[in-house]
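Structural characterization, general
Here's the letter readout for the chains.
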Amino acid sequence: MYEIKRIFSKNIIVLCIVAIILNIIVYTGMQLNGMTLGEFRKREILSEETDDIQIKKQTAYIKGYNKYIADVIDNSEEMKNRKIFSSKTRYSYNNIIVTQREYEKMRGITLAQENNKSLESYLEYENTSIVVMLLLIIIIFNMFRERNNSMWIQVYSSKNGRTRLMLRRIGTIFVGTFILNFVANISVFVTSVILYGKNANMNSYIQNLMMFKDFTYPISKFQYVTLLYICQIFVCFTLSLLVFSLFAYTRKRVTASLIIGLICSVEWLIYNTSSKGTVINQLKAYNILNIIACNSILSRHNTLSIFGIVEKDIYIIGIITACLLLVAILLVVMSGQIMRPVKTLTLRHISEPTRIRRRSYAVFWLKENRILREKNHIEKDGDQQVDDACTQRTKCT
C-alpha cells in the first residue's frame with residue numbers, strides 16, 4: 001500500500017485527471033465538429049426522425065444479415081471442395097475451415113433496429129487506450145527516481161528488498177492499469193450518452209451495430225464492452241511490464257525513453273514504406289496502436305498462420321501476449337537481482353549504505369545529546385539554586 005501511495009503522488013494523480021479531461025475534450029470536439037452542444041443535439045433529434053437513408057440502410061442490413069452468414073458458410077463449403085484449395089497443409093484450405101467454423105456460430109441470431117449511436121461513437125474512438133498507455137509510461141518513468149540518488153544502493157543492499165520491491169511494483173502497475181482504463185473508458189462512455197442520448201438495450205446482440213458484421217461471437221453489447229475492457233487491461237499491463245523491464249535493465253531513464261521512441265518510429269516507418277501485397281504490409285493492421293486499442297482487431301474476423309497452424313487472429317495474438325506477459329514478469333523480478341547500482345562494486349560503493357545509515361544515526365544522536373544536555377543544564381541550574389538557598393540560610397542563622 002505504501003508503494004502505491006508513493007508512486008501515485010499528488011502530482012501523478014493531477015496529471016492523470018488532466019489527461020482524462022483532455023481526452024474527453026478531444027472526443028467531444030471530434031463529435032461536435034465545430035457545433036455547439038445545443039445545435040448538435042437538435043441535429044441528432046432531427047436526423048433520427050428524417051434520416052430515411054440511414055434507416056433504410058440499417059433495415060436492409062438487419063434483414064440481410066442471416067443471408068450474409070449463410071452465403072459465407074456456403075461459399076466456404078464450395079471453395080473447400082475445389083481442387084485448387086484441396087491441399088490440407090496449405091493456408092488457404094485451413095483458412096476456409098476456420099472461417100466456416102467461426103461463422104457457423106452466428107446462424108439464426110435475430111437482430112433488431114435500434115439507436116446505437118452513443119455506443120458506436122464510443123467504440124469508434126480509440127484514443128482512450130493510447131492515453132492510458134502514455135500515462136502508464138510516465139508512471140513507470142517516475143518509479144525509477146532512485147536511479148538518480150543513493151536510494152538505489154540502499155534498495156540493492158537490503159535483504160530481499162530487490163525482489164519484494166519488483167513484485168510490489170508489478171502489483172502497482174496492475175492496479176494503475178485497471179483504474180486508469182476504467183475511469184478513462186467510463187468518462188468517454190458517459191460523454192457519448194450525453195451527446196447522443198441513452199443507448200438502446202445493452203442486452204441485445206452486438207451485431208446490431210453494422211461495424212460488427214464480421215464479429216463471430218453471439219454476445220450482447222454489454223458483454224462485448226466488458227470483453228473489450230478486459231482485453232485492454234491485458235494488453236496495457238503486458239506492454240507496461242515490457243516497458244518496465246526496459247527501464248529496469250537500462251541505467252538511465254532518458255536512454256530507456258529514447259529506445260521506446262525509436263521502436264515506435266521504426267515500426268511506423270516500416271509499415272508506411274512497405275509495398276502493398278507484402279507480408280509486412282498485411283501485418284500493418286496489427287501495429288502497436290491497434291493492438292492497444294483492441295477494438296479494430298476484436299470486431300472483425302481474420303486469420304493468421306504461425307508455425308503452420310492457422311487460427312483466428314485474436315487467439316494467436318492472445319497466446320503471444322500471454323507469453324510476453326510471463327516473460328516480462330520474469331524479466332522484472334530478475335532485474336532486481338541482476339542489475340547493480342554500478343557495473344563494478346568497489347569498497348566505496350559497498351560501504352555507501354553504511355555511510356548513509358551512519359550519517360542518519362549520527363544526526364539522531366546529535367539531537368538526542370542536545371536534548372540530554374538541555375535537560376542536564378536545567379537539573380544543574382535547579383541544584384545550584386538549592387545550594388545557594390541553603391548557603392544563604394546558613395549565613396542568616
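Residues numbered from 1 in each chain as written. Predicted model: local features only at pLDDT ≥ 70, side-chain atom pairs only at ≥ 80, totals over all residues. Heavy atoms only, no water.

**Things to note about the confidence of the model for the protein chain**
Condition: You can read pLDDT as the predictor saying how much it trusts each residue, on a scale of 0 to 100. Counting from the N terminus, the helices are the DSSP runs of H or I reaching at least four residues and the strands are the DSSP runs of E reaching at least two. When checking whether two residues touch, look at their non-hydrogen atoms; a contact exists if any pair is within 4.5 Å.
With 75% of its residues at a pLDDT of 70 or more, the protein chain shows a mean pLDDT of 78. Ranking the elements of the protein chain by mean pLDDT puts helix 16 (residues 347-396) last with 52 and helix 10 (residues 221-248) first with 91. Confidence over residues 347-365 falls short of pLDDT 50; this stretch has 12 contacts with residues more than four positions distant or in other chains.

**Structural notes on the side chain of threonine 250**
Put simply, the rule is: Polar contacts here mean pairs of N or O atoms no more than 3.5 Å apart (in protein, one a potential hydrogen donor and the other a potential acceptor; neighbouring residues in sequence count only if both atoms are side-chain atoms).
Along the chain, threonine 250 falls in the loop between helix 10 and helix 11 (253-273). Within polar-contact distance, the side chain of threonine 250 engages the backbone oxygen of leucine 246 at 2.6 Å.

**Structural notes on the packing of helix 10 against helix 11**
Packed helices, taken two at a time, are described by the angle between their axes plus the distance between the axes. Going by this rule: Helix axes use the C-alpha atoms of the stretch in contact, all axes being lines fitted to C-alpha atoms, and the angles between their N-to-C directions lie in the range 0 to 180 degrees. By definition in this entry, angles of less than 35 degrees are roughly parallel, angles greater than 145 are roughly antiparallel, angles of 65 to 115 are roughly perpendicular, and the rest are oblique. Two helices crossing with the near one rotated counterclockwise from the far one by less than a right angle form a left-handed crossing, whereas a clockwise rotation gives a right-handed crossing. Here the nonpolar group is Ala, Val, Leu, Ile, Met, Phe, Trp, Tyr, Cys and Pro; Asp, Glu, Lys and Arg are the charged ones; every other residue, Gly included, is treated as polar.
Here helix 10 crosses helix 11 at 135 degrees, and the two axes come no closer than 8 Å. When the axis of helix 10 is compared with that of helix 11, the two are oblique. Helix 11 is crossed by helix 10, and the crossing has right-handed handedness. Contact residues: Val243, Leu246 and Phe247 in helix 10; Arg253, Ala256, Ser257, Ile259 and Ile260 in helix 11. The residue inventory of the contact of helix 10 with helix 11, partitioned by class, reads 6 nonpolar, 1 polar and 1 charged.

**Some words on the packing of helix 2 (residues 10-32) against helix 7 (residues 127-143)**
Contact pair helix 2 / helix 7: the axes reach a minimum separation of 11 Å and the direction vectors enclose 160 degrees. Between helix 2 and helix 7, the angle falls in the class roughly antiparallel. Seen from above, helix 2 lies across helix 7 with right-handed handedness. Here helix 2 contributes Ile12, Leu15, Cys16, Ala19, Asn23 and Met30 to the contact with helix 7, which in turn contributes Asn127, Thr128, Val131, Leu135, Ile138, Ile139 and Asn142.

**Here's the deal with a nonpolar patch on the surface**
The criterion, for reference: Like charges within 9 Å and nonpolar side chains (Val, Leu, Ile, Met, Phe, Trp, Tyr) within 5 Å are joined into patches, using only residues over 30% in relative accessible area that form no salt bridge. Using the Shrake-Rupley algorithm and a 1.4 Å probe, accessible areas are obtained, with residue cover drawn only from the displayed protein chains. Should a side-chain nitrogen of Lys or Arg be within 4 Å of a carboxyl oxygen of Asp or Glu, the pair is scored as a salt bridge. Categorising residues by exposure relies on relative accessible area from a 1.4 Å probe, with only protein chains included: less than 20% of the type maximum marks a residue as buried, more than 50% marks it as exposed, and the intermediate range marks it as partly exposed.
On the surface, Leu37, Phe174, Phe178, Ile179, Phe182, Val183, Ile186, Val190 and Ile194 cluster together into a nonpolar patch covering about 790 Å² of accessible area. Per-element accounting of the nonpolar patch gives the leading share, 8 residues, to helix 9 (residues 161-196). By the secondary structure assignment, phenylalanine 182 is in helix 9. The partly exposed category is assigned to phenylalanine 182, whose relative accessible area is 45%.

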